[in-house]
Amino acid sequence: MSLIRDTEKYLTKTINDLGYKIEYVKLEKSKLPEYGQYQINVAMQFARSYGKNPRDIANEIASSLDSRFTNVNIQGPGFINVTFANEVLIESLNKAIDNFSEFVDESENKKTIVLDYGGANIAKTLHVGHLRCNIGEAMRRLIKVFGDTSIGDVHWGDFGTPIGLVIREIKEMYPDLPYFDETFTGEYPKESPVTNEELGIIYPKASQRKKEDATYAAEALQFTEQFQKGIPGIKALWRHIVNTSKPDCEEVYNFLNCHFDVSYGESDAKEYVEPVIKFLNDKGLTEMSDGVLIMPIANADDNKEMPPLLLKKSDGSILYDTTDLATIMQRMRDFNPDAIWYFVDERQSLHFEQTFRGCRISGLVPDTTDLKFYGFGTINGLDGKPFKTRDGGVMSLKELIKMVYERIEPKIKDDITGEERKEVAKKLTVATLKYADLLPYRKTDYIFDIDKFTSFEGKTGIYAVYTATRMNSIINKLSNGNELLKEIDNPDVLDILVKLTELPKNLKNAYQEVTTSYIAEFIFDLSSLYNRFYTNNNIQSETNTNLKETYIALTRLTYNVLKNLLDILAIEVVDKM
Ligand code: ARG
């Protein structure tokens, strides 16, 4: 529905024809809705450049506008207020009833964007912060809505020190396993020596011991170096750990409707490690410092410390910087993307600044490929500090999900039972978690207020899903699937239609600013407007056939929009709840 865009083009032409030069005239949402739906605010700027009275200019423009507008009036120094004629709104929105793409101004030059989100570390339990993979998933979907290509990659943390630590601890538990016997020539066991539950205990223990015992820490590092190098026994054990831990993380991502187009890990960039180091060496950009191969990236005019990129230690082991550079080389070769977007904890911003700088200095990434770090804030508890369990431990993502599920489940109607009840509870849990996570501005920390987030009132996932369910049941009961908007008889109907004219700009802002809040806020506003309409108008018993048809068409239109917007956030609607 290009109503606003088409109108802006029309205004640009009309105003240029009057002799006022302007590249593009924007229609602004009215700040004084009692005077009109939208405003045209160009008269003041012309007054300066043409030395005329702004109200005279506003009058001149106002009197040349055609009948698509009604009630054109001028306020203040020269704000032109306009209201769309009802027929214009009706015509334009009827086209969108079954067609969400009417609200999307598709990108002209198609882009390919790689998204890096999720980033679970193998052998460690997912914690609350991993909930924020939602942002990457929502952006992956939004990019597709605009007709661009998005490639989501989870980028497993599967090649670093946590696994070395776990191996060190397993050695303590089962010293006789063949993985640790360098002379072993037989076949390694098919079964992993540890379960995922055991990993949940082993990692925290190992990480604690590392802090207390320098020898232990050094041995763990040696194991890291060994699986990176591919020493058979340690590599076989490494693979068991990866294969044990990954399905558990995948299960949580699946539960949250977070999907990935490719599922690579740090270890998959292994073949690019030597090539990328050679690439930097050949350009003369590396040097040795204290036994570590580094790439200095600091500039004389930096206003903060810019540590060098760390590429390789004397024992041959590689680091986080190395795997990220190698992965970038891989992504450039595999996808040649127009952009790579990283959705990672804000606290990693320096790492990405360094990495990107290394890419630019060396030319690993050409200027035509954008590198962006979209950091996200922390999820805090009610005390404003990072979310913890009751006994002060790290809150796992599974625990958080369980907590929300237990609050949501009793709110479902009693006549929904068995498997269906579980399915509904699951979807509403996901809706609750996602909406709460996608509503605030990405970068800000937010407080996980479970009472607030699981309420049927206010800006919550279940409020939106509940509204969609209500609409859906009206459609099932009353619609023949072909109703059209016929007339606008009251402000409840009008306000919904005007709100919908704002949607294309909202979607565009969400895409350009990489901020899901626009969509989450819109979902709330639209739901509230619909619920007001529903309370004030009786659809079923309306006797005027034109009005009844309009109300049903309005319900179909609003439902379709709401469902599509929720889908961008990866929230599913339910039939009943
Ligand atoms: N595994 C990392 C961590 O938990 C996050 C990975 C982010 N992505 C990346 N390409 N570095 O800290």
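Residues numbered from 1 in each chain as written. Predicted model: local features only at pLDDT ≥ 70, side-chain atom pairs only at ≥ 80, totals over all residues. Heavy atoms only, no water.

Trainee: It is not clear to me how the state of the cysteines should be interpreted in this structure. Could you clarify?
Mentor: According to the stated counting rule, one finds 0 disulfides in the structure shown. Between Cys133, a free cysteine, and Cys258, which holds the nearest cysteine sulfur, the sulfur-to-sulfur gap is 3.2 Å. Note on Cys133: relative accessible area 3%, which makes it buried. (Disulfide = S-S within 2.5 Å. Buried < 20%, exposed > 50% of the residue type's maximum accessible area, 1.4 Å probe, protein only.)

Trainee: What exactly am I supposed to notice about the site of the ligand here?
Mentor: Around the ligand lies a shell formed by Asp116, Gly119, Asn121, His155, Tyr320, Asp324, Tyr342, Val344, Gln348 and Phe352. Take Gly119: an N or O atom from its main chain is 2.9 Å from a nitrogen atom of the ligand. Computed on the free molecule, the ligand has an accessible area of 350 Å², of which 86% lies beneath the protein chains in the complex. If you list the elements that add at least two residues to the shell around the ligand, you get α11 (320-335) and β10 (339-345). By residue class, the composition of the shell around the ligand is 4 nonpolar, 4 polar and 2 charged. (Near = heavy atom within 4 Å. Polar contact = N/O pair within 3.5 Å; in protein donor to acceptor, adjacent residues only side chain to side chain. Areas by Shrake-Rupley, 256 points an atom, 1.4 Å probe, with all protein chains shown as cover. Helix = DSSP H or I, 4+ residues; strand = E, 2+ residues; numbered from the N terminus. Nonpolar A, V, L, I, M, F, W, Y, C, P; charged D, E, K, R; others polar.)

Trainee: What am I meant to see in the pairing of strand β6 (residues 149-153) here?
Mentor: Successive side chains on a regular strand alternate, one facing one side of the sheet and the next facing the other. With 4 of 5 residues buried, β6 lies mostly within the body of the structure. Judged from the 5 bridges that link them, strand β5 (residues 112-116) and β6 form a sheet pairing that is parallel. Within β6, the residue paired with Thr112 across the bridge is Thr149. Assessed by its sense of winding, the connection that carries the chain from β5 through helix α5 (residues 133-145) to β6 is right-handed. (Pairing = 2+ DSSP bridges. Right-handed = clockwise from strand over helix to strand, strands pointing away.)

Trainee: Help me out: how do you make sense of the packing of aromatic side chains in this one?
Mentor: Two descriptors summarise a pair of aromatic rings, namely the distance from one centre to the other and the angle between the planes of the rings. Inspection of every chain in the model, using the stated rule, returns 31 aromatic pairs. Judged by centre distance (5.3 Å) and plane angle (75°), the ring pair of Phe533 and Tyr551 falls under edge-to-face. In this pair, Phe533 is assigned in helix α19 (residues 517-536) and Tyr551 in helix α20 (residues 545-568), connecting sequence segments 18 residues apart. In this pair, the class of Phe533 matches that of Tyr551, namely buried. Every member of this aromatic cluster is reached through a ring pair, and the members are Phe146, Trp341, Phe343, Tyr374 and Tyr511. (Phe/Tyr/Trp six-rings, centres within 6.5 Å; stacked < 30°, edge-to-face > 60°.)

Functional significance is not addressed by these values, which are geometric in nature.
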